[in-house]
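An overview of the molecular structure
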Amino acid sequence: EKKATKMDFFKRLFVSCGGGAMLFENGIDEAKETVQRPLAVADANVLERLGVVPDLLASFAGGIATLTVTYGGRAVKTGDELAPAATKMEPTIEITPAEEDAFYTLVMTDPDAPCRENPLYREFVHWVVCDIPGAKFDKGLTVAPYVCASPPHKSGKHRYVFLLFKQERKALNDYYESRVPMRMEISVLKAARKHFKPRGGLSAIDWAAEIGLGEPIAVECYEAKWDESCDEAHEALAFVPPDEYKSPKQAAAAAAATEAQEHGHDEKKEHDHVDGHDAYDCCEHGLDEKKEEHSHSHGNDETSTI
């Protein structure tokens, strides 16, 4: 009886704290779910405030998993602002909960290329990893190697969005074979690598829908704006921003290249001009020599006649 009284006490305590009676009525797992749901909804609200909904996703009410993205020991919280230099190395990725027999796909994308107000190159895809077995992210297959956050100069804050999809089957090859039976010899992994090679002007959601991945089960996002480390990242990608988004270093390099090109053009014109004069001089000299030779020869003929 005393035990029952204690139980009633804790029931009343949890109920007064807001729905904690679920712990007793429906089990511990369901109670955990009620704790997690408000967090998911809060994240969804931040995604909407950031414009990820609707710029990337038509809607997102909260995923069925949690995606933890960690840079150098710092776990990203939805809407955090990070310095691009701090994102130079691949982050660690944790999927919670991760089903042991399930496989996942992760896409990291920037919808703000070259800037949020004028996203002509939406999206720029930074990272794609497929066939991730359960919680073992490092065992996944890289489709597009990681590129750190690298927004152009004066392009404002960019959003870097991580989308996690659950695969129906292990190999993406299975999706491709079932949907394009006439081209079974081409694996979807190979097709995906080709698809993401240009990086820019792509849609992660459209690609996921095309191969049957459906909607993302988890989303994470942070923001970043230009710092000097971005120039190095652009150089590694052989990417030159439009003039209005060139950094001082990039603008100076572009001006120097233009000057060198113009100087080279002027030198070529001068060289061609000199060559033309030389050719003309040679021609004139040749004609003079020919005239002299002809005159000399004609003189010899006259002498021999005499």
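The structure contained in this document is the topic of the report that follows.

Cut-offs and rules
- Residues numbered from 1 in each chain as written.
- Predicted model: local features only at pLDDT ≥ 70, side-chain atom pairs only at ≥ 80, totals over all residues.
- Heavy atoms only, no water.
- Pairing = 2+ DSSP bridges.
- Helix = DSSP H or I, 4+ residues; strand = E, 2+ residues; numbered from the N terminus.
- Buried < 20%, exposed > 50% of the residue type's maximum accessible area, 1.4 Å probe, protein only.
- Contact = heavy atoms within 4.5 Å.
- Core = buried A, V, L, I, M, F, W, Y, C linked by side-chain atoms within 4.5 Å.

What follows is about the sheet that holds strand β4 (residues 92–96). Read from one edge to the other, the open sheet built from three strands follows the order β2-β1-β4, with strand pairing classed as antiparallel. Only two strands of the sheet have a single partner each, and these edge strands are β2 (74–75) and β4. Sheet topology note: the strand β1 (residues 66–71)/β4 ladder contains five bridges and is antiparallel. Across the sheet, the residue bridging to Thr 70 is Thr 92, located in β4.

The next subject is the environment of Ile 64. By the secondary structure assignment, Ile 64 is in the loop between α4 (52–55) and β1. When its relative accessible area of 65% is taken as the criterion, Ile 64 is described as exposed. Along the sequence, Ile 64 and Ala 218 sit 154 residues apart, while their C-alpha atoms lie 6.7 Å from each other. The residues contacting Ile 64, other than those within four sequence positions of it, are Pro 97 and Ile 217.

Here the focus is unusual backbone geometry. Note the cis peptide between Val 53 and Pro 54, where omega equals 20°. Along the chain, Pro 54 turns up in helix α4. Geometrically, the link from Ala 113 to Pro 114 is a cis peptide bond, its omega value of 0° lying close to zero. The topology assignment puts Pro 114 in the loop between β5 (103–110) and β6 (124–133). The phi dihedral of Asp 131 is positive, around 55°, even though this residue is not glycine. Locating Asp 131 in the fold gives a position in strand β6. Among the residues examined, Asp 131 registers a relative accessible area of 8% and is labelled buried.

A few words now on the nonpolar core. General note: in soluble globular proteins, nonpolar side chains tend to be found buried as a group. Counting residues in each nonpolar core, the largest one holds 31 residues, and the members touching the most others are Val 52, Leu 57, Val 128, Leu 163, Phe 196 and Trp 207. Breaking this core down by element, the ones donating at least two residues are α3 (28–50), α4, β6, β7 (141–144), β8 (158–167), α6 (188–196), α7 (204–210) and β9 (218–224). Contacts of Leu 163, omitting those with residues within four sequence positions, involve Leu 57, Thr 105, Leu 106, Val 107, Thr 109, Ala 204, Ile 205, Pro 216, Ala 218 and Val 219. Core analysis: the next-biggest nonpolar cluster, separate from the first, contains 27 residues, Val 129, Ile 217, Tyr 222 and Ala 233 among them.

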